[in-house]
Amino acid sequence: MDLNLLKGDFVMSAKAASSPGRKKASNMFKEAESFSSFSVNDLQKAKEFYSQTLGLDVKETPEGLELHTDDNIVFLYPKPNHTPASFTVLNFAVDDIDAAVDELNGLGVNLEHYNLPDIKTDERGIARAPHGPAAIAWFKDPAGNILSVLQER
């Protein structure tokens, strides 16, 4: 392998990473404070949606927005060439999916509707399946990122 192609980055194969000669797993990450993040194309629209529509505590920072949900922080950062994720980036666990969907509808939030082999939503936008969460409904933020409300079993 030509390491010059990697421009100084070291890449380890999966086989080498799992070999018996490797040191044991790190403890540093287990104790590190962590948070998730995703991009948006317009911080002001994101701030309005997450704070005014969803009612979250939103803190502006020089780098972006911090969403405070219960004991979790999610960081939103601006990205001029933002492309929305094709998967769910943020889930909100709720006690009553029907009440959550009613509230989202009342706030003017449109739910996504799917009719795929593995995901089918009803007329309200709720998927109910024998496995996974009891029910889940997806919606998008102004940047097109997919969010969900889900009710656990």
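Residues numbered from 1 in each chain as written. Predicted model: local features only at pLDDT ≥ 70, side-chain atom pairs only at ≥ 80, totals over all residues. Heavy atoms only, no water.

Participant: Can you walk me through the nonpolar core in this structure?
Facilitator: A general tendency of soluble globular proteins is for nonpolar side chains to be buried together. Within the largest apolar cluster, 25 residues are counted, with the highest numbers of intra-cluster contacts made by Tyr50, Leu76, Leu90, Phe139 and Val149. Breaking this core down by element, the ones donating at least two residues are β1 (36-40), α3 (43-53), β3 (65-69), β4 (72-78), β5 (88-93), α4 (97-106), β7 (135-140) and β8 (146-151). With 4 residues, α4 is the largest single contributor of residues to this core. Residue contacts for Leu90: discarding those within four places in its chain leaves Phe38, Tyr50, Leu67, Val74, Ile146, Leu147 and Ser148. One finds Ile136, Trp138, Ile146 and Leu150 within the second-largest nonpolar core, a separate group that totals 5 residues. (Core = buried A, V, L, I, M, F, W, Y, C linked by side-chain atoms within 4.5 Å. Buried < 20%, exposed > 50% of the residue type's maximum accessible area, 1.4 Å probe, protein only. Helix = DSSP H or I, 4+ residues; strand = E, 2+ residues; numbered from the N terminus. Contact = heavy atoms within 4.5 Å.)

Participant: Looking at this structure, how should I read the pattern of salt bridges?
Facilitator: Evaluation of the coordinates by the stated rule reveals 6 salt bridges. The shortest N-O distance in the salt bridge between Asp102 and Arg124 comes to 2.2 Å. Taken as a pair, Asp102 in helix α4 and Arg124 in the loop between α4 and β6 (126-128) lie far apart in primary sequence, 22 residues in all. Residue classification places Asp102 among the partly exposed residues on the basis of a relative accessible area of 47%. With a shortest N-O distance of 3.9 Å, Glu112 and Lys140 are connected by a salt bridge. Of this pair, Glu112 sits in the loop between α4 and β6 while Lys140 sits in strand β7, and the two are 28 residues apart along the sequence. Its relative accessible area of 37% is what places Lys140 among the partly exposed residues. Each of Asp98, Asp102, Asp122, Arg124 and Arg128 takes part in salt bridges that share partners, so that together they form one network. (Salt bridge = Lys/Arg side-chain N within 4 Å of Asp/Glu carboxyl O.)

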